[in-house]
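Examination of the molecular architecture
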Amino acid sequence: MNDRVEAPGRVLVLGASGRLGGAIAASLLRRLRGHVATPSREELALDLAAPSEAVARWIAQWRPDTVVNCIAIGDVDRCEIEPALAHQVNAELPAAISRACARAGARLIHFSTDFVFDGALRRPYREDDVARPLSEYGRSKLAGERAIADTGCAHWVFRVSWLYGAQHRNLAADLLAPANAGRIFSLATDRVGVPNPVQLVAAEVAGCVARDRTSVERPPSGLYHLSCHGATTWHAFGLAFVREAIRAGRLAPDRAPGIEGIVEASLGRPARRPEWSALDPSHYERVFGRRLPDWEDAIAMALSPADARP
Ligand SMILES: NC(=O)c1ccc[n+]([C@@H]2O[C@H](COP(=O)([O-])OP(=O)(O)OC[C@H]3O[C@@H](n4cnc5c(N)ncnc54)[C@H](OP(=O)(O)O)[C@@H]3O)[C@@H](O)[C@H]2O)c1
């Protein structure tokens, strides 16, 4: 397996308009300005029927030594309704990217999900625990992971979970939005996992990329759980987030939204979700020499001003 990547070259961020891709692009631009390409969806012009051609064009155009793939269909219910699309974007595209990276000698950084697990274990999942997805989303993401591993390109696949803290399309942004002052949010009490600020994941990934360019010792290719420690429900997270936002001066106490508990399983959503899907980051911490915080201590990262973020 080729784990050597020549440095310094360019980092190509795919999906930079998304929650995680946007945060990673911002974090990389702060560290490696001039060496980061963040093409828009229009510039990428991805034809899902011919992903290999598109990817070959991207590699020729931006000549990256690192590709960070944040393109995904992450809407779990949409994947259930449109499984062919889910498979194209979440499995076939990463397979094509990893083949192109192998040919170009570039490292691929890709993201997967806690939804590859069925939740039966009821303790934080490790990388060597058996994946048994309950949904088309989970199946398509697992197929993407496996395709990358099979290709043999230099890669780090980071499984992440319950992302929040981006500008839009996530619970934290909704809780902070002035338009939602005093609104009651109904959040699940029957699902346990780990909420992670995109700022934290982005800072970790940008640090991995930066160190990859300067150090001789590189963590081996493989699958890593990149997550805060602990486990909670969406309901308990919502309460903790609002409490911390008030303390940080981001919400006025009399305008803060209310949080009530609901049993999500009773909602009859198209896709099944694991009831218990916390990820154990110990392997990532050991191999990358990092220490990740408890989920509750990480909330402050999503509330700090953008220019104070690592
Ligand atoms: N969000 C979570 O809680 C969560 C949890 C576990 C794992 N993950 C994983 O983390 C990664 C990032 O997720 P995210 O939440 O940041 O996703 P996201 O916000 O939905 O962003 C997805 C990105 O993919 C792009 N995209 C989708 N289809 C495309 C196409 N056909 N052509 C070009 N671009 C396309 C989107 O572009 P547009 O903006 O133009 O649509 C967007 O930039 C994914 O691998 C996901 O599976 C996320």
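Once a new chain begins, its residue numbering starts again from 1 and follows that chain's sequence as written. The model is predicted, so local features are restricted to residues of pLDDT at least 70 and side-chain atom pairs to those at 80 or more, both for listing and for counting; the totals for chains, interfaces and linings are taken over all residues. Side-chain measures were taken over the full set of non-hydrogen atoms in the model, leaving aside hydrogen atoms and water.

Remarks on the pairing of strand β1 (residues 10-14)
Partly exposed residues are those whose accessible area sits between 20% and 50% of the maximum for their type, while under 20% is buried and over 50% is exposed, using a 1.4 Å probe and protein chains only. Here a helix means four or more residues in a row that DSSP labels H or I, a strand means two or more in a row labelled E, and each is numbered from the N terminus. Buried residues dominate β1, accounting for 4 of its 5 residues. By the convention used here, strands pair only if DSSP detects at least 2 bridges between them. Note: β1 against strand β3 (residues 64-69), 5 bridges, orientation parallel. Counted as the bridge partner of R10 is P64 from β3. Taken together, the 2 bridges between β1 and strand β2 (residues 36-37) define a ladder with parallel strand orientation. When the bridges of β2 are listed, L12 appears paired with A37.

Description of the side chain of R218
With respect to the helices and strands, the residue R218 is situated in the loop between α8 (198-214) and β10 (222-225). Take R218: its relative accessible area is 15%, and that puts it in the buried class. Any pair of nitrogen or oxygen atoms within 3.5 Å is treated as a polar contact; in protein, a donor-acceptor pairing is required on top of that, and neighbouring residues in sequence qualify only through side-chain atoms on both sides. One polar contact links R218 to D212, side chain to side chain, over a distance of 2.8 Å.

Here we look at the packing of aromatic side chains
Planes of paired rings set the category: under 30 degrees apart is stacked, over 60 is edge-to-face and the rest tilted, where pairs are Phe, Tyr or Trp rings (Trp by its six-membered ring) whose centres lie within 6.5 Å. One pass over the structure, following the stated rule, counts 16 aromatic pairs. Seen in terms of ring centroids, Y164 and F241 are 6.0 Å apart; in terms of plane orientation they differ by 85 degrees. Their pairing is edge-to-face. Of this pair, Y164 sits in strand β6 (residues 163-164) while F241 sits in helix α9 (residues 234-247), placing them 77 residues apart in sequence. With respect to class, Y164 is no different from F241; both count as buried. Where F237 meets F241, the ring centres are 5.9 Å apart and the plane angle is 45 degrees; that geometry is what we call tilted. In this pair, F237 and F241 both sit in helix α9, 4 residues apart, roughly one turn of the helix. A residue is classified by how much of its surface remains accessible, and F237, at 0% relative accessible area, is buried. For F241, a relative accessible area of 0% corresponds to the buried category. One aromatic cluster is present, formed by F111, W156, F158, Y224, Y284 and F288 through successive ring pairs. The rule is short: NZ of Lys or CZ of Arg within 6 Å of the ring centre and within 35 degrees of the ring normal puts a charge over the ring. Its guanidinium or amino end placed over the ring of F185, R183 lies 4.0 Å from that ring's centre, counting from NZ or CZ.

Describing the packing of helix α1 (residues 19-32) against α8
Packing of α1 against α8 leaves a shortest axis separation of 8 Å and a crossing angle of 45 degrees. Put simply, α1 runs oblique to α8. Pair α1 / α8 crosses with right-handed handedness. Contacts between α1 and α8 pair R19, L20, A23, I24, S27, L28, R31 and L32 from the former with V198, V201, A202, A203, V205, A206, G207, V209, A210 and R213 from the latter. Working convention: axes come from line fits to C-alpha atoms, limited for helices to the stretch in contact. Angles between N-to-C directions cover 0 to 180 degrees. Each angle receives one of four descriptions, namely roughly parallel if under 35 degrees, roughly antiparallel if over 145, roughly perpendicular if within 65 to 115, and oblique otherwise. Handedness of a crossing follows from how the near helix is turned relative to the far one, being left-handed for an anticlockwise turn of less than a right angle and right-handed for a clockwise one. Whether two residues touch is decided by their heavy atoms; if any such pair falls within 4.5 Å, the residues are in contact.

Digging into the state of the cysteines
We call a pair of cysteine sulfur atoms a disulfide whenever their separation is within 2.5 Å. Scanning the entire structure with this criterion turns up 0 disulfides. Left without a disulfide partner, C208 is nearest to the cysteine sulfur of C70, which lies 13 Å away. As a non-bridged cysteine, C228 has C208 as the owner of its nearest cysteine sulfur, 14 Å distant. With a relative accessible area of 0%, C228 lands in the buried category.

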